[in-house]
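Working through the structure, step by step
Here's the letter readout for the chains.
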Amino acid sequence: MRVIVVGAGLSGLMAAQSLSDDRHDVIVFDKGRGVGGRLATRRIGDATLDHGAQFFTVRSEEFASHVTTWLEAGVVHEWCRGFDSEDGHPRYAGSKGMSGIAKHLAQGLDVRTNALVFSLERTATGYNVITDDGVAHACDKVLLTAPIPQSFSLMFGGAIEMPDEMRTIDYDRTLGLLAVLDSANHNVKSPGGMQNPDDVFSFIGDNSAKGISATHALTFHANPEWSRTHFDLELDEIHSLLLTAARPWLGDAQILESQPKKWRFATPRTTWPEPFWIDPSGTLALAGDAFAGPKMEGAALSGLAAARALTN
Ligand SMILES: Cc1cc2nc3c(=O)[nH]c(=O)nc-3n(C[C@H](O)[C@H](O)[C@H](O)COP(=O)(O)OP(=O)(O)OC[C@H]3O[C@@H](n4cnc5c(N)ncnc54)[C@H](O)[C@@H]3O)c2cc1C
(Lines give C-alpha, C1' and ligand atoms only; values in the text may rest on other atoms or scores of the structure.)
Protein backbone atom coordinates (compact mmCIF):
# COMPACT_ATOMS: atom_id res chain seq x y z
CA MET A 1 0.00 0.00 0.00
CA ARG A 2 1.29 3.49 -0.80
CA VAL A 3 0.49 6.08 1.87
CA ILE A 4 1.19 9.79 1.52
CA VAL A 5 1.69 11.68 4.76
CA VAL A 6 1.26 15.45 4.66
CA GLY A 7 3.45 17.08 7.32
CA ALA A 8 6.88 16.10 8.65
CA GLY A 9 6.19 17.24 12.21
CA LEU A 10 6.30 14.79 15.08
CA SER A 11 2.89 13.33 14.29
CA GLY A 12 3.56 12.73 10.60
CA LEU A 13 7.04 11.30 11.16
CA MET A 14 5.94 8.91 13.92
CA ALA A 15 3.15 7.70 11.63
CA ALA A 16 5.46 7.39 8.63
CA GLN A 17 8.01 5.42 10.62
CA SER A 18 5.34 3.04 11.87
CA LEU A 19 3.88 2.55 8.36
CA SER A 20 7.33 2.04 6.92
CA ASP A 21 8.17 -0.54 9.63
CA ASP A 22 5.03 -2.38 8.45
CA ARG A 23 6.53 -2.41 4.93
CA HIS A 24 4.18 0.10 3.37
CA ASP A 25 5.48 2.49 0.75
CA VAL A 26 5.40 5.93 2.41
CA ILE A 27 6.14 9.43 1.12
CA VAL A 28 6.10 12.41 3.48
CA PHE A 29 5.64 15.91 2.08
CA ASP A 30 6.36 19.08 4.07
CA LYS A 31 6.18 22.67 2.92
CA GLY A 32 8.98 23.67 5.29
CA ARG A 33 12.68 23.94 4.42
CA GLY A 34 13.43 21.19 6.93
CA VAL A 35 11.59 18.60 8.98
CA GLY A 36 10.09 19.13 12.44
CA GLY A 37 7.23 21.61 12.07
CA ARG A 38 6.78 23.00 15.58
CA LEU A 39 9.91 21.12 16.70
CA ALA A 40 12.02 23.99 15.47
CA THR A 41 15.63 24.91 16.19
CA ARG A 42 17.51 27.89 14.79
CA ARG A 43 21.23 28.66 14.61
CA ILE A 44 22.29 32.28 15.08
CA GLY A 45 26.09 32.43 14.87
CA ASP A 46 27.39 29.98 17.51
CA ALA A 47 24.08 29.96 19.36
CA THR A 48 21.44 27.24 19.00
CA LEU A 49 17.91 28.13 20.05
CA ASP A 50 14.70 26.11 20.17
CA HIS A 51 11.95 28.42 19.00
CA GLY A 52 8.94 26.06 19.01
CA ALA A 53 8.50 23.34 21.63
CA GLN A 54 10.93 23.83 24.53
CA PHE A 55 10.80 20.49 26.37
CA PHE A 56 8.50 17.50 26.74
CA THR A 57 7.15 15.18 29.37
CA VAL A 58 6.12 11.53 29.15
CA ARG A 59 2.93 10.09 30.61
CA SER A 60 2.01 7.01 28.56
CA GLU A 61 3.88 3.70 28.27
CA GLU A 62 3.65 3.84 24.50
CA PHE A 63 5.40 7.21 24.25
CA ALA A 64 7.88 6.16 26.95
CA SER A 65 8.99 3.20 24.82
CA HIS A 66 9.89 5.55 21.96
CA VAL A 67 11.57 8.08 24.24
CA THR A 68 13.74 5.28 25.67
CA THR A 69 15.12 4.56 22.20
CA TRP A 70 15.76 8.30 21.68
CA LEU A 71 17.62 8.45 24.99
CA GLU A 72 19.72 5.44 24.01
CA ALA A 73 20.52 7.01 20.63
CA GLY A 74 21.56 10.28 22.33
CA VAL A 75 18.83 12.19 20.49
CA VAL A 76 17.25 13.50 23.70
CA HIS A 77 18.41 14.04 27.27
CA GLU A 78 16.79 14.81 30.57
CA TRP A 79 16.92 18.57 31.14
CA CYS A 80 15.52 18.77 34.67
CA ARG A 81 12.69 17.63 36.91
CA GLY A 82 10.82 20.89 37.29
CA PHE A 83 11.53 24.59 36.84
CA ASP A 84 10.34 26.53 39.86
CA SER A 85 10.57 23.47 42.09
CA GLU A 86 11.34 19.80 41.52
CA ASP A 87 8.28 17.55 41.13
CA GLY A 88 10.11 14.34 40.19
CA HIS A 89 8.85 14.26 36.55
CA PRO A 90 11.61 14.42 33.93
CA ARG A 91 11.54 17.25 31.38
CA TYR A 92 13.32 16.06 28.24
CA ALA A 93 14.94 18.12 25.49
CA GLY A 94 16.46 17.34 22.12
CA SER A 95 20.23 17.03 22.62
CA LYS A 96 20.92 19.04 19.45
CA GLY A 97 17.70 20.98 19.75
CA MET A 98 14.14 19.81 19.27
CA SER A 99 14.46 19.60 15.49
CA GLY A 100 17.08 16.87 16.09
CA ILE A 101 14.26 14.52 17.13
CA ALA A 102 12.54 15.05 13.79
CA LYS A 103 15.81 14.61 11.86
CA HIS A 104 16.37 11.33 13.71
CA LEU A 105 12.87 10.07 12.87
CA ALA A 106 13.21 11.10 9.22
CA GLN A 107 16.28 8.91 8.67
CA GLY A 108 15.53 6.16 6.16
CA LEU A 109 12.15 7.65 5.20
CA ASP A 110 11.26 9.24 1.87
CA VAL A 111 10.70 12.78 3.17
CA ARG A 112 10.37 15.60 0.66
CA THR A 113 10.73 19.09 2.07
CA ASN A 114 9.98 22.40 0.31
CA ALA A 115 6.97 20.52 -1.03
CA LEU A 116 3.67 22.26 -0.36
CA VAL A 117 0.65 20.03 -0.89
CA PHE A 118 -1.97 22.34 -2.33
CA SER A 119 -4.74 19.97 -3.34
CA LEU A 120 -6.12 16.52 -2.97
CA GLU A 121 -8.47 14.58 -5.22
CA ARG A 122 -10.13 11.22 -4.95
CA THR A 123 -9.47 8.75 -7.79
CA ALA A 124 -11.01 5.38 -8.61
CA THR A 125 -8.38 3.59 -6.52
CA GLY A 126 -7.33 6.15 -3.92
CA TYR A 127 -6.06 9.72 -4.12
CA ASN A 128 -3.95 12.11 -6.11
CA VAL A 129 -1.93 14.40 -3.87
CA ILE A 130 -0.88 17.44 -5.86
CA THR A 131 2.22 19.35 -4.84
CA ASP A 132 3.05 22.94 -5.73
CA ASP A 133 5.25 21.87 -8.67
CA GLY A 134 2.03 20.63 -10.29
CA VAL A 135 2.88 16.92 -9.95
CA ALA A 136 0.05 14.55 -8.98
CA HIS A 137 1.28 11.78 -6.66
CA ALA A 138 -1.01 8.74 -6.70
CA CYS A 139 -1.53 6.76 -3.51
CA ASP A 140 -3.93 4.38 -1.81
CA LYS A 141 -4.32 6.28 1.46
CA VAL A 142 -3.58 9.72 2.88
CA LEU A 143 -2.70 10.98 6.34
CA LEU A 144 -3.01 14.72 6.97
CA THR A 145 -1.09 16.01 10.02
CA ALA A 146 -1.11 19.78 9.46
CA PRO A 147 -2.96 21.98 11.96
CA ILE A 148 -6.69 21.39 11.37
CA PRO A 149 -7.49 24.65 9.52
CA GLN A 150 -4.72 23.82 7.02
CA SER A 151 -5.91 20.21 6.60
CA PHE A 152 -9.45 21.51 6.22
CA SER A 153 -8.55 23.66 3.24
CA LEU A 154 -7.01 20.63 1.50
CA MET A 155 -10.07 18.49 2.21
CA PHE A 156 -12.47 21.23 1.16
CA GLY A 157 -10.64 21.59 -2.17
CA GLY A 158 -10.97 17.83 -2.71
CA ALA A 159 -14.67 17.85 -1.71
CA ILE A 160 -13.91 15.54 1.23
CA GLU A 161 -16.18 16.00 4.23
CA MET A 162 -14.85 16.79 7.70
CA PRO A 163 -17.12 16.77 10.80
CA ASP A 164 -18.57 20.26 11.37
CA GLU A 165 -17.45 20.37 15.04
CA MET A 166 -13.85 19.75 14.02
CA ARG A 167 -13.83 22.92 11.93
CA THR A 168 -14.35 25.01 15.06
CA ILE A 169 -11.04 23.88 16.61
CA ASP A 170 -8.83 26.95 16.70
CA TYR A 171 -5.28 27.47 17.85
CA ASP A 172 -3.60 29.90 20.23
CA ARG A 173 -0.89 32.02 18.65
CA THR A 174 2.60 32.53 20.04
CA LEU A 175 4.92 35.47 19.52
CA GLY A 176 8.51 34.70 20.38
CA LEU A 177 11.87 36.38 20.74
CA LEU A 178 15.24 34.71 20.21
CA ALA A 179 18.07 36.58 21.94
CA VAL A 180 21.79 35.83 21.77
CA LEU A 181 23.60 37.33 24.80
CA ASP A 182 27.16 38.31 25.60
CA SER A 183 27.20 36.64 29.02
CA ALA A 184 25.33 34.44 31.49
CA ASN A 185 24.57 37.45 33.70
CA HIS A 186 20.83 37.26 33.04
CA ASN A 187 18.01 36.57 35.47
CA VAL A 188 16.88 33.16 34.24
CA LYS A 189 18.24 30.95 36.96
CA SER A 190 19.07 27.23 37.02
CA PRO A 191 17.80 24.92 35.62
CA GLY A 192 17.12 27.50 32.92
CA GLY A 193 13.37 27.58 32.41
CA MET A 194 10.69 29.90 33.80
CA GLN A 195 6.98 29.22 33.32
CA ASN A 196 4.59 32.23 33.38
CA PRO A 197 7.19 34.51 34.97
CA ASP A 198 5.21 37.74 34.32
CA ASP A 199 2.21 39.20 32.46
CA VAL A 200 3.81 38.88 29.02
CA PHE A 201 5.71 35.63 28.87
CA SER A 202 4.48 32.05 29.24
CA PHE A 203 7.99 30.60 29.05
CA ILE A 204 11.60 31.76 29.04
CA GLY A 205 14.19 29.14 28.19
CA ASP A 206 17.96 29.30 28.60
CA ASN A 207 19.26 27.26 25.67
CA SER A 208 22.74 27.10 27.14
CA ALA A 209 21.52 25.72 30.50
CA LYS A 210 19.39 23.26 28.55
CA GLY A 211 22.59 21.97 27.00
CA ILE A 212 22.00 22.78 23.33
CA SER A 213 23.76 26.10 22.79
CA ALA A 214 27.50 26.78 22.80
CA THR A 215 26.83 30.44 23.66
CA HIS A 216 24.36 32.25 25.90
CA ALA A 217 20.95 32.43 24.27
CA LEU A 218 17.42 32.88 25.60
CA THR A 219 14.07 32.00 24.00
CA PHE A 220 11.07 34.09 25.12
CA HIS A 221 7.49 32.99 24.36
CA ALA A 222 4.68 35.47 24.93
CA ASN A 223 1.49 34.08 26.46
CA PRO A 224 -1.63 33.44 24.28
CA GLU A 225 -3.40 36.64 25.38
CA TRP A 226 -0.43 38.93 24.69
CA SER A 227 0.31 37.10 21.42
CA ARG A 228 -3.28 37.43 20.19
CA THR A 229 -3.41 41.15 21.02
CA HIS A 230 -0.15 41.96 19.24
CA PHE A 231 -0.07 39.35 16.46
CA ASP A 232 -1.12 41.60 13.58
CA LEU A 233 1.29 44.45 14.30
CA GLU A 234 4.25 45.03 11.98
CA LEU A 235 7.07 42.58 12.72
CA ASP A 236 9.46 45.41 13.64
CA GLU A 237 6.99 46.70 16.21
CA ILE A 238 6.46 43.21 17.68
CA HIS A 239 10.23 42.82 17.88
CA SER A 240 10.65 46.10 19.70
CA LEU A 241 7.81 45.39 22.19
CA LEU A 242 9.25 41.96 22.95
CA LEU A 243 12.71 43.45 23.52
CA THR A 244 11.21 45.91 26.01
CA ALA A 245 9.28 43.15 27.80
CA ALA A 246 12.40 40.97 27.94
CA ARG A 247 14.55 43.72 29.51
CA PRO A 248 13.88 42.80 33.19
CA TRP A 249 15.06 39.23 32.52
CA LEU A 250 18.34 40.22 30.89
CA GLY A 251 20.06 41.46 34.05
CA ASP A 252 23.56 42.68 33.18
CA ALA A 253 23.73 40.69 29.94
CA GLN A 254 23.63 42.56 26.62
CA ILE A 255 21.82 41.32 23.53
CA LEU A 256 24.23 40.67 20.65
CA GLU A 257 21.54 39.65 18.19
CA SER A 258 17.81 39.02 18.35
CA GLN A 259 15.00 37.82 16.11
CA PRO A 260 11.20 37.78 16.51
CA LYS A 261 9.17 34.68 15.63
CA LYS A 262 5.44 34.27 14.92
CA TRP A 263 3.52 31.00 15.32
CA ARG A 264 -0.03 31.29 13.96
CA PHE A 265 -0.99 27.71 14.90
CA ALA A 266 0.93 27.22 18.14
CA THR A 267 -1.34 25.18 20.41
CA PRO A 268 -4.87 23.88 19.84
CA ARG A 269 -7.36 25.58 22.16
CA THR A 270 -9.58 22.50 22.28
CA THR A 271 -8.88 18.93 21.26
CA TRP A 272 -10.87 16.28 19.41
CA PRO A 273 -12.11 13.52 21.75
CA GLU A 274 -10.49 10.72 19.70
CA PRO A 275 -6.74 10.26 19.03
CA PHE A 276 -7.32 10.63 15.24
CA TRP A 277 -10.15 10.93 12.73
CA ILE A 278 -10.66 8.60 9.78
CA ASP A 279 -13.17 9.02 6.98
CA PRO A 280 -15.92 6.41 6.53
CA SER A 281 -14.03 4.70 3.67
CA GLY A 282 -11.01 4.18 5.95
CA THR A 283 -8.65 5.72 3.41
CA LEU A 284 -8.01 9.24 4.73
CA ALA A 285 -7.07 10.11 8.29
CA LEU A 286 -6.28 13.24 10.26
CA ALA A 287 -3.78 13.31 13.11
CA GLY A 288 -1.74 15.79 15.13
CA ASP A 289 -1.70 17.47 18.50
CA ALA A 290 -5.34 18.58 18.14
CA PHE A 291 -6.30 14.93 18.66
CA ALA A 292 -4.44 13.10 21.43
CA GLY A 293 -3.40 16.17 23.44
CA PRO A 294 -1.96 19.62 22.70
CA LYS A 295 1.68 18.72 23.28
CA MET A 296 4.46 16.63 21.79
CA GLU A 297 3.26 13.42 23.42
CA GLY A 298 -0.24 13.95 22.02
CA ALA A 299 1.13 14.60 18.52
CA ALA A 300 3.24 11.43 18.66
CA LEU A 301 0.45 9.20 19.97
CA SER A 302 -2.01 10.59 17.46
CA GLY A 303 0.30 9.83 14.54
CA LEU A 304 0.87 6.28 15.77
CA ALA A 305 -2.85 5.64 16.30
CA ALA A 306 -3.76 7.03 12.86
CA ALA A 307 -1.12 4.82 11.20
CA ARG A 308 -2.65 1.74 12.85
CA ALA A 309 -6.16 2.76 11.78
CA LEU A 310 -5.09 3.24 8.16
CA THR A 311 -3.60 -0.25 8.01
CA ASN A 312 -6.58 -2.02 9.58
C1 LIG B 1 5.87 28.19 20.60
C2 LIG B 1 5.51 26.76 20.90
C3 LIG B 1 5.92 26.20 22.11
C4 LIG B 1 5.58 24.89 22.41
N5 LIG B 1 6.05 24.33 23.57
C6 LIG B 1 5.84 23.02 23.81
C7 LIG B 1 6.47 22.39 24.90
O8 LIG B 1 7.26 23.01 25.62
N9 LIG B 1 6.20 21.06 25.13
C10 LIG B 1 5.37 20.34 24.31
O11 LIG B 1 5.19 19.14 24.54
N12 LIG B 1 4.79 20.92 23.24
C13 LIG B 1 5.01 22.22 22.96
N14 LIG B 1 4.47 22.81 21.86
C15 LIG B 1 3.54 22.02 21.03
C16 LIG B 1 4.30 21.01 20.12
O17 LIG B 1 5.30 21.69 19.42
C18 LIG B 1 3.28 20.41 19.17
O19 LIG B 1 2.26 19.79 19.93
C20 LIG B 1 3.85 19.36 18.21
O21 LIG B 1 5.13 19.67 17.76
C22 LIG B 1 2.85 19.24 17.05
O23 LIG B 1 3.30 18.28 16.11
P24 LIG B 1 2.39 17.97 14.84
O25 LIG B 1 3.11 16.97 14.03
O26 LIG B 1 1.00 17.65 15.30
O27 LIG B 1 2.24 19.36 14.05
P28 LIG B 1 3.35 20.27 13.34
O29 LIG B 1 4.63 20.20 14.05
O30 LIG B 1 2.72 21.60 13.15
O31 LIG B 1 3.56 19.57 11.92
C32 LIG B 1 2.70 19.82 10.83
C33 LIG B 1 3.56 19.94 9.58
O34 LIG B 1 2.70 20.04 8.45
C35 LIG B 1 3.35 20.88 7.50
N36 LIG B 1 2.31 21.34 6.57
C37 LIG B 1 1.20 22.08 6.85
N38 LIG B 1 0.48 22.27 5.73
C39 LIG B 1 1.14 21.64 4.73
C40 LIG B 1 0.90 21.49 3.33
N41 LIG B 1 -0.20 21.98 2.73
N42 LIG B 1 1.81 20.80 2.58
C43 LIG B 1 2.92 20.27 3.17
N44 LIG B 1 3.20 20.39 4.50
C45 LIG B 1 2.32 21.05 5.25
C46 LIG B 1 3.97 21.97 8.34
O47 LIG B 1 5.05 22.60 7.65
C48 LIG B 1 4.44 21.19 9.55
O49 LIG B 1 5.81 20.80 9.45
C50 LIG B 1 4.80 24.12 21.50
C51 LIG B 1 4.42 24.68 20.28
C52 LIG B 1 4.80 25.98 19.97
C53 LIG B 1 4.42 26.54 18.63
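Given the structure is predicted, the values throughout are model-derived calculations rather than measurements.

1. Quick look at helix 1 (residues 10–21)
Structural remark: α-helix, 3.6 residues per turn; residues separated by three or four positions point the same way. Between its terminal C-alpha atoms helix 1 stretches 16 Å, which fits the 16 Å expected from twelve residues at 1.5 Å a residue. Among the twelve residues of helix 1, nine are classified as buried, and the element is accordingly described as predominantly covered. Those residues of helix 1 not exposed but buried are Leu10, Ser11, Gly12, Leu13, Met14, Ala15, Ala16, Ser18 and Leu19.

2. Here we look at the domain arrangement of the protein
Assigned domains within the protein: domain 1 (2–37 + 53–169 + 270–311) and domain 2 (171–268). The straight-line distance from the C-alpha centre of domain 1 to that of domain 2 is 27 Å. Listed per partner, the contact involves 24 residues of domain 1 and 19 residues of domain 2. Here domain 1 and domain 2 share an interface that buries about 1700 Å² over both sides, 62% of which is from carbon and sulfur atoms. Broken down residue by residue, the surface that domain 1 buries against domain 2 is led by Gln54, Trp79 and Phe83, which jointly contribute 38%. In this assembly, domain 1 and domain 2 are joined by zero salt bridges. Seen at the junction of domain 1 and domain 2, the total is four residue pairs in polar contact (both at pLDDT 80 or more). Secondary structure elements with two or more residues in the side of domain 1 that touches domain 2: strand 5 (76–80), strand 6 (91–94) and helix 4 (148–157). Among the residues forming the side of domain 1 that touches domain 2, the class breakdown is eleven nonpolar, ten polar and three charged.

3. Here we look at the pairing of strand 14 (residues 201–206)
Counting buried residues in strand 14 gives five out of six residues, a clear majority hidden from the surface. Across three bridges, strand 13 (residues 193–195) lies against strand 14 in antiparallel orientation. Opposite Gln195, over in strand 14, you have Phe203 as the bridge partner. Count of turn residues in the strand 13/strand 14 antiparallel hairpin: five residues, of which Asn196 carries a positive phi of about 45°.

4. Focus on the packing of helix 2 (residues 61–72) against helix 8 (residues 296–311)
Working note: a packed helix pair is described by the angle between its axes plus the distance between those axes. Between helix 2 and helix 8, the least distance of the axes is 10 Å, while the angle of their chain directions is 100°. Accordingly, the angle class assigned to the pair helix 2 and helix 8 is roughly perpendicular. Side by side, helix 2 and helix 8 meet where Glu62, Phe63 and His66 of the first sit next to Glu297, Ala300, Leu301, Leu304 and Arg308 of the second. Class assignment for the residues of the contact of helix 2 with helix 8 results in four nonpolar, one polar and three charged.

The rules behind the values
- Every chain is numbered on its own, with residues counted from 1 as its sequence reads.
- pLDDT decides what is reported in this predicted model: residues at 70 or higher carry local features, side-chain atom pairs at 80 or more are listed and counted, and totals for whole chains, interfaces and linings draw on all residues regardless.
- As a rule here, side-chain values come from all non-hydrogen atoms in the structure, and water together with hydrogens is ignored.
- Each helix is a run of H or I in the DSSP string that is no shorter than four residues. Each strand is a run of E no shorter than two, and both are numbered from the N terminus.
- To estimate the expected span of a helix, subtract one from its residue number and multiply by 1.5 Å.
- Working definition: with a 1.4 Å probe on protein chains only, accessible area under 20% of the residue-type maximum means buried, over 50% means exposed, and in between means partly exposed.
- Residue ranges labeled as domains rest on an automatic or database domain assignment.
- Any two residues whose heavy atoms approach within 4.5 Å at even a single point are treated as in contact.
- As a working definition, buried area equals the accessible area (1.4 Å probe) given up by two parts on being put together, with both sides summed.
- Think of a salt bridge as a Lys or Arg side-chain nitrogen and an Asp or Glu carboxyl oxygen that are within 4 Å of each other.
- Here a polar contact means two N or O atoms within 3.5 Å. Within protein one must be a hydrogen donor candidate and the other an acceptor candidate, and residues neighboring in sequence count only if both atoms are side-chain atoms.
- Residue polarity is assigned by list, with Asp, Glu, Lys and Arg as charged and Ala, Val, Leu, Ile, Met, Phe, Trp, Tyr, Cys and Pro as nonpolar; anything else, Gly included, falls into the polar class.
- For two strands to be treated as a pair, DSSP must find no fewer than two bridges joining them.
- Lines fitted to the C-alpha atoms define the axes, with helices restricted to the stretch that makes contact. Angles between their N-to-C directions range from 0 to 180 degrees.
- Working definition: roughly parallel below 35 degrees, roughly antiparallel above 145 degrees, roughly perpendicular at 65 to 115 degrees, and oblique for all remaining angles.

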